[in-house]
Each structure stands twice: as C-alpha cells, then as structure tokens.
Amino acid sequence: RLLCAQSDALTSPFFTARMAATDLLEVQKRKLEDNDATKVDGGDTASKRAAGVAVVPMAVDCNLAIKNEDFSMDLLRIYYDRLFPFLQMFRWLSYRNDPKSSGPGVAKDFFLRREFTFVLEGDIFCRYLCFRDVEEFRSQMLSRMPIRMEIGAVFTHPPKNHTTVIKDAYKPVERELVFDIDMDDYDDIRTCCHGSKLCLKCWTFMKAAIKILRRTLTEDFGFKHTLFVYSGRRGVHCWVCDKAARKLSNDQRTAVAEYLTLVTPGASKARSEAVKMNGCEELHPSITEAYKICEYYFRDDPQGILAAQDILRKGPHLANILDVYASAEKDAVSKYMKDNPEATSQQIWVQLEKIVAERARSATTFKQKQDLKPMLKDTIIQYTYPRLDINVSKQMNHLLKSPFVVHPKTGRVCVPIDFNNVDNFNPLEVPTIGRLVEDLNRTGDVRQTSLKEYTHYFEVHFLQPLERETDREMQRSTGDLSF
C-alpha cells in the first residue's frame, strides 16, 4: 500500500511542483532508514541489509495524504516499525523469563504462554495468539497490523494450543490485577461533555480516580508496582504488576474490586451508600483517606466538580442532595438562591456546610452526632470517587488493551501516566501517530519524538524498579542470597 501511495504521488501534477524539494526529502528518508539498528527494537532492517535482502523504504513524508492525518494504516505501519517499544513491552510481560536465558529459575516458555489478541481492520478479532520471543512478537505485529492489541493471562499451555489440551488442564496461572475506568460512567454527573467527548473539566474525574486508586493499592494492600495508562480516548487503565497481585485467584480479585467499590452510578444518586458508620465511632480509615482526596477535587480544585461541572445549578443534583434535609433547611437554601440568583455551586455548597454545622451545634444525643459524621462526605464521595468496571478486575483471563497501542478513533497513543505529575497530564496533548511521524520527519531520530517522555517514564519509573524486584524474587526462589 505504501508503494502504491508513492507511485500515485510520483505521477501526480503535485509532484512536479515539488521537484525542488526532492533532494531534501530523499536525505530525510535516508536518515530515517539508516538509523542505527540499536535505536529500534529487534534491528530487523539492519539484519536484512547485512544478509543482502532488499528492504523496501518506508514513505515518511513526501507530502502524501497521510501527512496531516491522526490515524491511518500507513501511519500505523510506520509507528509499529519505528516507534513501538517492543523490547520494553517484552521485558515487562516476561518478568525476566527470557527464553534465551540460561539463568536458574527462568521459565523459558513463560512469554510463550501469554495470550494476546489482535483486532484487525473491520473489527476482526484474532484470539489465542502467543509469541516465542520479542522478535516473533514484532514480526507478527508488523505482519498483521492490528488496530488494537489486548493482553491476557499467562496460561498453563501456549494459547495457540488451547484446542489440543484437555479443557480442565488449560487454565490461567497468573495475570496482572487490572482496573478500567471509563468516562461514560460519569455521564450522569458531568455537565461539560457527554458520551465519547472529553475535556479538561471532566478529566478531573480521572485525576481523582488515579490518586485514590494509587493510595488504596499501595497503602491498604502494599502493592508497589502500579502502572496507569491513558486509554487513548476518554479513560484510564490500571495495571498492578507485583507478583502477589499477579497470583491472586478470581475470588481474591473480586474481593479487592469490591473493596474499591464505594459508588453506584445513577442520576438519582446523591450520596454513597457505602459511607456509613455501621455502629462504629469513626468512618473506615480507607473511606476517610479517600475523602481527603475527593474533597479537594470536589470543592477546592479550580477545575473541580463544583467549579467546572456546576452541578448544584444544573440538573437534579441539588434536589437529590436536599432530599434528606428538613423542610426548614430546604427553605433556607431556596431563599438563599432566590436572594442570590448568580450564586455559584461553590457558594451554594457553603450554605449546605453551614446547615450541617448548625445541626452539629444542636446535636445532643450520640445517635444525632453519629448521623452527622458521614453527612456531606457521602455526597462528595458519590460525585468524585472512582467508578470502576469491576467485571474487568474479577477474572484472571479478562483481556485489557495494551499500553502503547493506538486508539483508532483519535490516533492517540495509549501512554503511561506519570503518577507524580497527574495534575499536569493533559489527554488532549497526548501525541497522535500523525504527530509522531511529523517528529520523525523533523528530527530523523526515533529517540527524539513526542513519545520520548512516556517511554522514559515507563523504563525508569516502572520497568526498572519492577525488574529489580523480580531479580530479588528469583534469587530468593533459587536459594541464591548473594543479592
């Protein structure tokens, strides 16, 4: 297809007008073609040249139709061939079980037993794929050109052999604990966008979700190796990669997912039913810590729920919140809004806080005081706490979209999110493959594109710490305590 596109360009009248730039373009293409093989995973191009095999040059610029696009199969081929981090992905998903290694404790068929699914053009699903090593992984991606790739569990046998194995003998043995948060689940409370649309105002929901999930997974469960990935359109995926997490049974995964579920979506829901005292003097510590994060993004953040979504002035939310208030309290809020027609949601919220404070001053019994403790907290959590698709988390063999693939609707790469810089992450600035190809045109260096900061984070802040921990685990399992 690339060669046909080149041929059409060369015979078009437009090409004649571009003759003056021909030499420059040829130099540009040669720079890309001649990059040292060490800059590209696998080094297939260099090895083919060394073997005397002809290598078809890739059309990178030439002002073809693909130049200003965000997604096309031509752009995708360039992305897979030049930029997709095959080696880093292999290192992650093999957990030091390199089939070429002779080290003790290495399961050489570990990566081969991992299931992958390719989704081809036309929504054609290719299930039960597996690869022996990084070279085969790369070769199959370039050969089949999936528009999406999903990652599954590690099984007892290579997935490609699943039909030849007794049913009860073929089963998953480990898989990362995963979570999926989709903006669609916030449609009943976000007022700025709807459906597939996304803006920085509603991205606040994702920022709060990432911080709450990270805190709970690290502090409540002790997990260390979590990876948050932008889905390429309007959501976030979380991968928990500690060995203890990968070995969880389905029942244990369900228990973790339910522990993290405090909110039931619904337009009529104004408070979380999980935020209750249940006979205790204080709220559960996990709820208290989640509330601290939620409170900021709900009340104080300039792009927060009150300021950006203006929920107390739009939709049924204020009426639902006031549903459990006394008639006199409802009348007081109505009077305030009548006297202050330009009042913002933040100012209206202050009135609700004053009502609760007045109740606290007049409370005399233990029950009255206890009933006040979750008041407003349950509303803040209902509107801010992560809304998980827990079915994704419950089953070990559930598939989830891979990091670094491309969303075909937006052309954006599914990049890792730096947890320490969550508040500054802008999904609308995540590079598309069209932009990455332009970067290649400009620099001629695969290491100097807009993808660099994301692969650097993946390598330095996620992959290397995970590999160090994996090395220690392998040494302990083989009795080698030299570390």
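Once that is clear, we can look at the pattern of salt bridges. Scanning the entire structure with this criterion turns up 37 salt bridges. For aspartate 187, the salt bridge identified is with arginine 190, shortest N-O distance 2.7 Å. Taking relative accessible area as the criterion, arginine 190 reaches 4% and is therefore assigned buried. Here aspartate 439 and arginine 442 are joined by a salt bridge, their closest N and O atoms 3.2 Å apart. Separated by three residues within a single helix, aspartate 439 and arginine 442 lie in helix 19 (residues 433-443), roughly one turn from each other. What makes aspartate 439 buried here is its relative accessible area of 4%. Given the relative accessible area of 58%, arginine 442 is considered exposed. A network of salt bridges, in which partner residues are shared, links Arg91, Arg96, Glu459, Glu467 and Asp471.

Next up on the list: the side chain of serine 94. With respect to the helices and strands, serine 94 occurs in helix 6 (residues 86-94). A relative accessible area of 3% means that serine 94 is categorised as buried.

A few words now on the packing of helix 11 (residues 285-300) against helix 17 (residues 377-384). Packed helix pairs are specified by the crossing angle of their axes together with the interaxial distance, meaning the distance between the axes. Where helix 11 contacts helix 17, the two axes come as close as 9 Å, and the packing angle between them is 70°. Here helix 17 runs roughly perpendicular to helix 11, going by the angle between their axes. Each of Ile287, Tyr291, Cys294, Glu295, Tyr297 and Phe298 in helix 11 lies in contact with helix 17, whose residues at this interface are Lys377, Ile380, Ile381, Tyr383 and Thr384. Considered class by class, the residues forming the contact of helix 11 with helix 17 number eight nonpolar, one polar and two charged.

What follows covers the pairing of strand 5 (residues 177-182). Moving residue by residue along a regular strand, the side chains alternate between the two faces of the sheet. Summarising burial for strand 5: five of the six residues are buried, a large majority. Sheet analysis places strand 5 next to strand 7 (residues 235-240), joined by six bridges and oriented antiparallel. Each residue of the ladder has a partner; that of isoleucine 181, found in strand 7, is valine 236.

In globular proteins that are soluble, nonpolar side chains generally tend to be buried together. Core analysis: the biggest nonpolar cluster contains 130 residues, and Tyr79, Phe84, Trp92, Phe137 and Phe179 have the highest contact counts within it. At ten residues, helix 8 (residues 200-220) tops the list of elements feeding residues into this core. Ala153, Val165, Tyr170 and Met396 belong to the second largest nonpolar core, which has five residues in total.

With that settled, consider unusual backbone geometry. Even without glycine at this site, tyrosine 95 takes up a positive phi of about 50°. Along the chain, tyrosine 95 falls in the loop between helix 6 and strand 1 (114-120). Residue classification places tyrosine 95 among the buried positions, given a relative accessible area of 3%. Notably, arginine 96 is not glycine yet its phi reads approximately 70°, a positive angle. Relative to the helices and strands, arginine 96 is located in the loop between helix 6 and strand 1. Among the residues examined, arginine 96 registers a relative accessible area of 35% and is labelled partly exposed.

How each quantity is defined
- Residues numbered from 1 in each chain as written.
- Predicted model: local features only at pLDDT ≥ 70, side-chain atom pairs only at ≥ 80, totals over all residues.
- Heavy atoms only, no water.
- Salt bridge = Lys/Arg side-chain N within 4 Å of Asp/Glu carboxyl O.
- Buried < 20%, exposed > 50% of the residue type's maximum accessible area, 1.4 Å probe, protein only.
- Helix = DSSP H or I, 4+ residues; strand = E, 2+ residues; numbered from the N terminus.
- Axes fitted to C-alpha atoms, helices over the stretch in contact; angles between N-to-C directions.
- Parallel < 35°, antiparallel > 145°, perpendicular 65-115°, else oblique.
- Contact = heavy atoms within 4.5 Å.
- Nonpolar A, V, L, I, M, F, W, Y, C, P; charged D, E, K, R; others polar.
- Pairing = 2+ DSSP bridges.
- Core = buried A, V, L, I, M, F, W, Y, C linked by side-chain atoms within 4.5 Å.

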